[in-house]
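Chain by chain, the residues:
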Amino acid sequence: MDTEVAAKIAKLNDAARRDVMSYMTTAGVISLEPSIVGDIYTAVYNYKDFTEDNDPYGEHDFGSFKIHGHKIFWKIDYYDQQLKYGVDPLDSDCRRVVTIMLAEEY
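As the structure is a prediction and not an experimental result, all values here were calculated from the model.

Draft legend 1. Up close: the pattern of salt bridges. Considering all chains together, one arrives at two salt bridges under this definition. Across the pair arginine 17 and aspartate 14 runs a salt bridge, and its minimum N-O distance is 2.7 Å. Remark: aspartate 14 and arginine 17 occur in helix H1 (residues 3-17); sequence separation between them is three residues, near one turn of the helix. The two residues arginine 17 and aspartate 14 agree in class, both being buried. Across the salt bridge formed by aspartate 61 and lysine 75, the nearest N and O atoms sit 3.4 Å from each other. Of this pair, aspartate 61 sits in the loop between helix H3 (34-46) and strand S2 (62-67) while lysine 75 sits in strand S3 (residues 70-79), and the two are 14 residues apart along the sequence. Owing to a relative accessible area of 15%, aspartate 61 belongs among the buried residues under this scheme.

Following this line, the structure appears as structure tokens:
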């Protein structure tokens, strides 16, 4: 993939992680203590541990970490504004959804 395109996508994905209104949280995460959920949201918001292993295309669209004894995954997907169809991540109508889950829910 073109590194310039990947950098544009990464910038948009980083912005999406800083907008908690774009978060979709699974039942497993929501069932945790509210303070733990808050810590998970903060960790996703501030995530910077991108490596070649977890971000091979440089798009910042996935992350994982351990917190309070829980392994957490987050993933960004790209949808149209009605959340019906997938779209290109650089489409002007792209709506990013940051899904946060317990690893065991994957």
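Draft legend 2. Seen up close, the packing of aromatic side chains. One pass over the structure, following the stated rule, counts seven aromatic pairs. With a centroid separation of 5.1 Å and 85° between ring planes, the pair formed by tyrosine 23 and tyrosine 41 is classed as edge-to-face. Taken together, the residues tyrosine 23 in strand S1 (residues 23-25) and tyrosine 41 in helix H3 connect sequence positions 18 residues apart. The exposure class of tyrosine 41 is partly exposed, given its relative accessible area of 24%. An angle of 80° between the planes, with centres 6.0 Å apart, marks the rings of phenylalanine 73 and tyrosine 106 as edge-to-face.

Draft legend 3. A look at the pairing of S2. By the alternation rule, side chains of S2 split into Gly63, Phe65 and Ile67, which are all buried, and Phe62, Ser64 and Lys66, of which none is buried. Examined bridge by bridge, S2 and S3 share six bridges and lie antiparallel to one another. Across the sheet, residue isoleucine 67 finds its bridge partner in S3, namely histidine 70. Counting the residues in the hairpin turn of S2 and S3 gives two residues, including histidine 68, whose phi is positive at 50°.

Draft legend 4. Looking closely at the nonpolar core. Counting 21 residues, the largest nonpolar core has Ile40, Val44, Phe65, Ile72, Trp74, Val98 and Ile100 as the members making the most contacts within it. Contributions of two or more residues to this core are made by H1, H3, S2, S3 and strand S4 (95-102).

Draft legend 5. Structural detail: H1. Look at H1: 21 Å from first C-alpha to last across 15 residues, which is about the 21 Å you get at 1.5 Å a residue. For H1, the full list of buried residues reads Ala6, Ile9, Ala10, Asn13, Asp14, Ala16 and Arg17. Looking straight down H1, one finds its buried side chains confined to an arc of 150°; they lie on one side. Exposed and facing more than 90 degrees away from the buried side of H1 are Glu4 and Lys11. In the core, the buried residues of H1 are packed alongside S1, H3, S3 and S4. Capping the start of H1 is the job of one residue whose side-chain oxygen sits 2.7 Å from the backbone nitrogen of glutamate 4: aspartate 2.

Cut-offs used in this document
Residues numbered from 1 in each chain as written. Predicted model: local features only at pLDDT ≥ 70, side-chain atom pairs only at ≥ 80, totals over all residues. Heavy atoms only, no water. Salt bridge = Lys/Arg side-chain N within 4 Å of Asp/Glu carboxyl O. Helix = DSSP H or I, 4+ residues; strand = E, 2+ residues; numbered from the N terminus. Buried < 20%, exposed > 50% of the residue type's maximum accessible area, 1.4 Å probe, protein only. Phe/Tyr/Trp six-rings, centres within 6.5 Å; stacked < 30°, edge-to-face > 60°. Pairing = 2+ DSSP bridges. Core = buried A, V, L, I, M, F, W, Y, C linked by side-chain atoms within 4.5 Å. Expected span 1.5 Å × (residues − 1). Arc of directions from axis to C-beta. Contact = heavy atoms within 4.5 Å. Polar contact = N/O pair within 3.5 Å; in protein donor to acceptor, adjacent residues only side chain to side chain.

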